[in-house]
Amino acid sequence: MWCACVLFAVAAVGIGAVGILGVRSANAAGSSIAGDELATATLTSVLGRDLDAAYSTADSAITADTTVRVPALAALFDRMIPAVDADVAGLIRAHHRDPIEEQADLTLLNRQWSAMRTLLNPGGLQAISRPAVFRAELDAAFAPLSVHLNSLIARENTDAAVTLAGAAAGADRSAWGIAAAVVVVLASSIGIGWWGSRRIRAAMEPAQSQVEFADTLQLAENEDEATSLLQRHLQLTVPGGTVTVLNRNNSEDRLEAVTALLPGSPLIRSLQHAEPRSCLAVRSGRVHDQDERHPALLGCPVCQTCLGHSTCMPLTVGGAVIGSVLLSRDARYGPTDQERIRESVGQAAPVLANLRNLAIAELRAATDSLTALPNKRAVGDTLKRMVAQASRTLTPLCLLLLDLDHFKDINDRFGHPVGDQALANVGAALRGTLRESDFAGRNGGEEFAVLLPDTDITGAVEAAERIRAAIADITLPGLDVEVTASVGVAAYPDHATSAERLEQLADSALYLAKRAGRNRVEVAVRPVDTNSRGDLQVPELTPAVVHT
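These numbers come from a predicted model, not from an experiment.

**Let's talk about empty space enclosed by the protein**
Part 1 of the argument: Applying the stated criterion across every chain, the model contains one cavity of 30 Å³ or more.
Part 2 of the argument: Considering only enclosed or pocket space, the largest cavity measures out at about 30 Å³ in volume.
Part 3 of the argument: If you go around the largest cavity, the residues you meet are Thr 40, Thr 44, Leu 91, His 95, Leu 106, Leu 152, Arg 155 and Glu 156.
Part 4 of the argument: At the level of secondary structure, the elements contributing two or more residues to the lining of the largest cavity comprise helix H2 (27-61) and helix H6 (131-168).
Part 5 of the argument: No other element matches H6, which puts three residues into the lining of the largest cavity.
Part 6 of the argument: For the lining of the largest cavity, the class distribution of residues is three nonpolar, three polar and two charged.

Pasting the structure below:
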């Protein structure tokens, strides 16, 4: 604002100089213009600017979320409304010697502002139940006030022109000089108003960016997408550095990066065996700053290897820390940067927590609690997905169906707790035997399903034999219990091209293994024909490969 003071000072000096050089008969009129018209134009312009700023802030705060509304309302009540009050009072004082009819216009202006100011009360703005109604009331109060203020500006300009014309009748040079000075003042006022509006828009840009970020976060479908949004938003909001989102994995007591690390990043090494308490922000639940030029008394094992300056903010939800956000760059993070980071992290934390809880709930809904394997619903969904993927990639896929032999006898002889323990041990045997790319699930009761992608029949039979042997090795301490399984094998596309037909053939092969003596592996016979739907037909299942 010091620029505005300089401009007005230069304009005032110009008006004074021209008035001194003018004729004595125009001296009084020139003084009146310099003292009255200039001050009035200035006060009116400043009032218009402050009034527009207060209206814009209140209008934007109506539908904004809490994180944007609170600072906007604080600025409105603490700075903008008092500024308009002072402008109106100053304008009234400047016209206290004017005729009564002109003072009546100022009284009306004061009354209109009072009506608008009544709407802009803290209680009303902070507890808006119907934003559309409130906005209509605010517009209804602002519109006549704006029109009246514009008419006052127009009238002041008209009065100034009349006064200038009267003064110019005695001295053209003086009148032209004064007119030029008034033009300079008006141009300065317009420039100041434009500059002020630019400053207001620039000040509102971060708030608009935060609103957009908060809205976009609500569209995230999973935790990975939300963390990527947080990373990109912080890189745009606080440029010039790297952003890493760290997750607190309590089940494995690990601290791990959930956003990609750049090649050669020092975090690759420091996070290799990091625990949640390794991060001081996670441990303390507070912001931790690290500067390689000024080492802290207690260095953070995670970020102390980062070059330049680092700031790490915890992701806190309901008092629990679920992770942290680490930002590093050469320059320090100033108070404005810290506030933007804190606001962004605060918005993201509950969204990340909700998405994580939702993923856990979905996983539990698709998991058999006894064996910790996917349940029947997950088996069906995965079978359809893997068959579709195999058809796209033109790769083989094998399905194994396993059924425990004489499982009812185990339950009858030893009770259901022993049967449950046997099922749990089978689940562990499957997890320990299969590849990471394979899938195993409990298909219900004592039946299990195994999917082997990119595996032909020979490989599937070998895998089935390993599984059968692993189950046969299961022992239950203190009990003479023999646990064995029969296995049926069917392959895509050799035996079937649909998930339903593949499951039917594997099931038929399973029961063939049961009839052939149990504790063995049977493979479906290669089909010889297709039906009208394209499903492969098998006229009869006979033992193709038998392993005992």
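Additional details are given in the paragraphs that follow.
**Considering the packing of aromatic side chains**
Part 1 of the argument: Across all of its chains, the model carries zero aromatic pairs by this definition.
Part 2 of the argument: For the cation-ring pair, Arg 329 lies above Tyr 333, with the distance from its terminal atom to the ring centre recorded as 4.3 Å.

**As for the pattern of salt bridges**
Part 1 of the argument: For the structure shown, the criterion picks out 15 salt bridges.
Part 2 of the argument: With its nearest N and O atoms 3.1 Å apart, the salt bridge here joins Arg 332 to Asp 291. With Arg 332 in the loop between strand E5 (320-329) and helix H11 (335-365) and Asp 291 in strand E3 (residues 288-291), this residue pair connects regions lying 41 residues apart in the sequence.
Part 3 of the argument: Each of the salt bridges in this network shares a partner with another, and the network as a whole consists of Asp 253, Glu 275 and Arg 277.

**Section: the packing of helix H8 (residues 223-237) against H11**
Part 1 of the argument: One way to put it is that H8 packs onto H11 with a least axis distance of 9 Å and a crossing angle of 175°. When the axis of H8 is compared with that of H11, the two are roughly antiparallel. Residues Glu 223, Ala 226, Thr 227, Leu 230, His 233, Leu 234 and Thr 237 of H8 pack against Arg 340, Ile 341, Ser 344, Ala 348, Leu 352, Leu 355 and Arg 356 of H11.
Part 2 of the argument: Of the residues contributing to the contact of H8 with H11, the split by class is seven nonpolar, four polar and three charged.

**What about the packing of helix H14 (residues 416-433) against helix H15 (residues 457-472)?**
Angle between the axes and distance between the axes are the two parameters that describe a pair of packed helices.
Part 1 of the argument: Packing of H14 against H15 leaves a shortest axis separation of 9 Å and a crossing angle of 140°. Between H14 and H15, the interaxial angle falls into the category oblique. For the pair H14 and H15, the crossing hand works out as right-handed. Residues Val 426, Ala 429, Leu 430 and Thr 433 of H14 form the contact with H15, whose participating residues are Arg 466, Ile 467, Ala 470 and Ile 471.

**Points about the pairing of E5**
Part 1 of the argument: In terms of burial, E5 is a largely internal element, nine of the 10 residues being buried.
Part 2 of the argument: In this structure, strand E1 (residues 241-249) lies alongside E5, joined through seven bridges in antiparallel fashion. Of the residues in E5, the one forming a bridge with Leu 246 is Ser 324.
Part 3 of the argument: Sheet topology places strand E4 (residues 309-317) next to E5; nine bridges connect them, and they run antiparallel. Considered in E5, the bridge of His 309 is made with Arg 329.
Part 4 of the argument: Connecting E4 to the next strand, E5, in antiparallel fashion are two residues, including Gly 318 with a positive phi near 60°.

**So, the side chain of Asp 403**
Part 1 of the argument: Counting through the fold element by element, Asp 403 comes out in strand E6 (residues 397-404).
Part 2 of the argument: At 2.7 Å, the side chain of Asp 403 and the side chain of Lys 514 are in polar contact.
Part 3 of the argument: Aside from chain neighbours lying at most four places away, what touches Asp 403 is Glu 446, Glu 447, Thr 484, Ala 485, Ser 486, Leu 510 and Lys 514.

**A few points about the sheet that holds strand E2 (residues 254-257)**
Part 1 of the argument: In space, the five strands of this open sheet follow the order E2-E1-E5-E4-E3, with antiparallel pairing throughout. Two strands lie at the open edges of the sheet, namely E2 and E3, each paired on one side alone. On average, adjacent strands in this sheet sit at an angle of 20° to one another, irrespective of strand direction.
Part 2 of the argument: Across the sheet, H8 lies against E1 and E5, angled at about 150° from E1, the strand it touches most.
Part 3 of the argument: Along the sheet, H11 makes contact with E1, E3, E4 and E5, crossing E4 at roughly 40°.

**Things to note about the confidence of the model for the protein**
Residues shown with low pLDDT carry predicted positions that ought not to be read at fine detail.
Part 1 of the argument: Residues with a pLDDT of 70 or more make up 81% of the protein, whose mean pLDDT is 81.
Part 2 of the argument: Overall, residues 532-548 carries pLDDT values under 50, and its contacts beyond four positions in sequence, including any with other chains, amount to 54 contacts.

**What to know about the nonpolar core**
Here is a general trend for soluble globular proteins: nonpolar side chains tend to be buried in one another's company.
Part 1 of the argument: Counting residues in hydrophobic clusters, the biggest one holds 35 residues, and the most contacted among them are Leu 400, Leu 402, Leu 404, Leu 430, Val 450, Ile 471 and Val 483.
Part 2 of the argument: Listing elements by their share of this core, those giving two or more residues are E6, helix H13 (407-414), H14, strand E8 (447-453), H15, strand E9 (485-492) and strand E10 (521-523).
Part 3 of the argument: Per element, the largest residue contribution to this core is seven residues, and it comes from H15.
Part 4 of the argument: If you look at the next biggest cluster of nonpolar residues, it comprises 29 residues, including Ile 62, Leu 73, Leu 119 and Leu 149.

Rules and cut-offs
- Residues numbered from 1 in each chain as written.
- Predicted model: local features only at pLDDT ≥ 70, side-chain atom pairs only at ≥ 80, totals over all residues.
- Heavy atoms only, no water.
- 1 Å grid on protein atoms, 1.4 Å probe; cavity = no way out; pocket = protein on both sides within 12 Å on 5 of 7 lines; lining within 4 Å.
- Points joined across faces, edges and corners; volume = space filled by probe spheres on them.
- Helix = DSSP H or I, 4+ residues; strand = E, 2+ residues; numbered from the N terminus.
- Nonpolar A, V, L, I, M, F, W, Y, C, P; charged D, E, K, R; others polar.
- Phe/Tyr/Trp six-rings, centres within 6.5 Å; stacked < 30°, edge-to-face > 60°.
- Lys NZ or Arg CZ within 6 Å of the ring centre and 35° of its normal.
- Salt bridge = Lys/Arg side-chain N within 4 Å of Asp/Glu carboxyl O.
- Axes fitted to C-alpha atoms, helices over the stretch in contact; angles between N-to-C directions.
- Parallel < 35°, antiparallel > 145°, perpendicular 65-115°, else oblique.
- Contact = heavy atoms within 4.5 Å.
- Left-handed = near helix turned anticlockwise from the far one by under 90°.
- Buried < 20%, exposed > 50% of the residue type's maximum accessible area, 1.4 Å probe, protein only.
- Pairing = 2+ DSSP bridges.
- Polar contact = N/O pair within 3.5 Å; in protein donor to acceptor, adjacent residues only side chain to side chain.
- pLDDT = per-residue confidence, 0-100.
- Core = buried A, V, L, I, M, F, W, Y, C linked by side-chain atoms within 4.5 Å.

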